[in-house]
Each structure stands twice: as C-alpha cells, then as structure tokens.
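This is what each chain is made of:
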Amino acid sequence: MAAKTDRYITFEGIECDEQAQRVVRYIRDCLALPTHAPAAWTDYFARKLDEIAQMGQDELFFVGSQVNYIRELFEQHGHQDGLAVLDQIEDECC
C-alpha cells in the first residue's frame, strides 16, 4: 500500500496544480459534447473560466471554489476519471 500524502505535513509529492489543470481539461471535454452538456452548464462554466482568466486566478483556486458544481457536471456525464481527480484534489489540496 502506498503511503498517503498529507498536505498538513508537506505538499511534496502532491501535484495540486497539475491535477487542477486536468480537472479544467475534463470540464472543457464535457462542455464540448453539446448533446450531453445542458446549456446552463455550458454557459456557467464558460463564464467562470473566462472570469478566472481575466482575474489571473489559477485553476486550483477555481476548482477549490467550484467543487460542488464540478462534481455535479462530472456526475451528469458519468466522468469517472474527473470525479476521481476531483476527490483527490479535495482530499489532498483543498
């Protein structure tokens, strides 16, 4: 069994930024499927992703502040990889 990382001890070995970037890619993947992404989600995440870019916020801040909405999007799409990475970020980085 691999040792569990503990952000309260060190962030060494925890790839929070990379994981958050993956989540943002997964969001974009979900939104690119117009038959699966309700217009409300498409509009919401398009607006939020534009806002973080304009404000200069990073993906980790975005993911941490939008966890519940991202989870719902991934659940609607059955995006298991996205849910797994989101759980990991929530556990290790937030």
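Residues numbered from 1 in each chain as written. Predicted model: local features only at pLDDT ≥ 70, side-chain atom pairs only at ≥ 80, totals over all residues. Heavy atoms only, no water.

## Some words on the pattern of salt bridges
For the structure shown, the criterion picks out three salt bridges. Here Glu 51 and Lys 48 are joined by a salt bridge, their closest N and O atoms 3.5 Å apart. With Glu 51 and Lys 48 both in helix H2 (residues 39-55), this residue pair falls three residues apart, about one helical turn. Asp 87 is the salt-bridge partner of Arg 71, the closest N and O atoms lying 2.8 Å from each other. (Salt bridge = Lys/Arg side-chain N within 4 Å of Asp/Glu carboxyl O. Helix = DSSP H or I, 4+ residues; strand = E, 2+ residues; numbered from the N terminus.)

## Some remarks on helix H1 (residues 16-31)
For H1, which comprises 16 residues, the first-to-last C-alpha distance of 23 Å matches the rise-based estimate of 22 Å (1.5 Å per residue) to within 8%. Among all positions in H1, only Cys 16, Gln 19, Ala 20, Val 23, Val 24, Tyr 26, Ile 27, Cys 30 and Leu 31 are buried. Down the axis of H1, the buried set is contained in an arc of 160°. They therefore lie on one face. In this structure, the buried side of H1 is in contact with H2, helix H3 (59-65), helix H4 (67-77) and helix H5 (80-92). (Expected span 1.5 Å × (residues − 1). Buried < 20%, exposed > 50% of the residue type's maximum accessible area, 1.4 Å probe, protein only. Arc of directions from axis to C-beta. Contact = heavy atoms within 4.5 Å.)

## A closer look at the confidence of the model for the protein chain
Confidence in the prediction for the protein chain averages 83 pLDDT; 80% of positions are at 70 or higher. Of all helices and strands in the protein chain, the one with the weakest mean pLDDT is H2 (86), whereas H5 scores best (93). (pLDDT = per-residue confidence, 0-100.)

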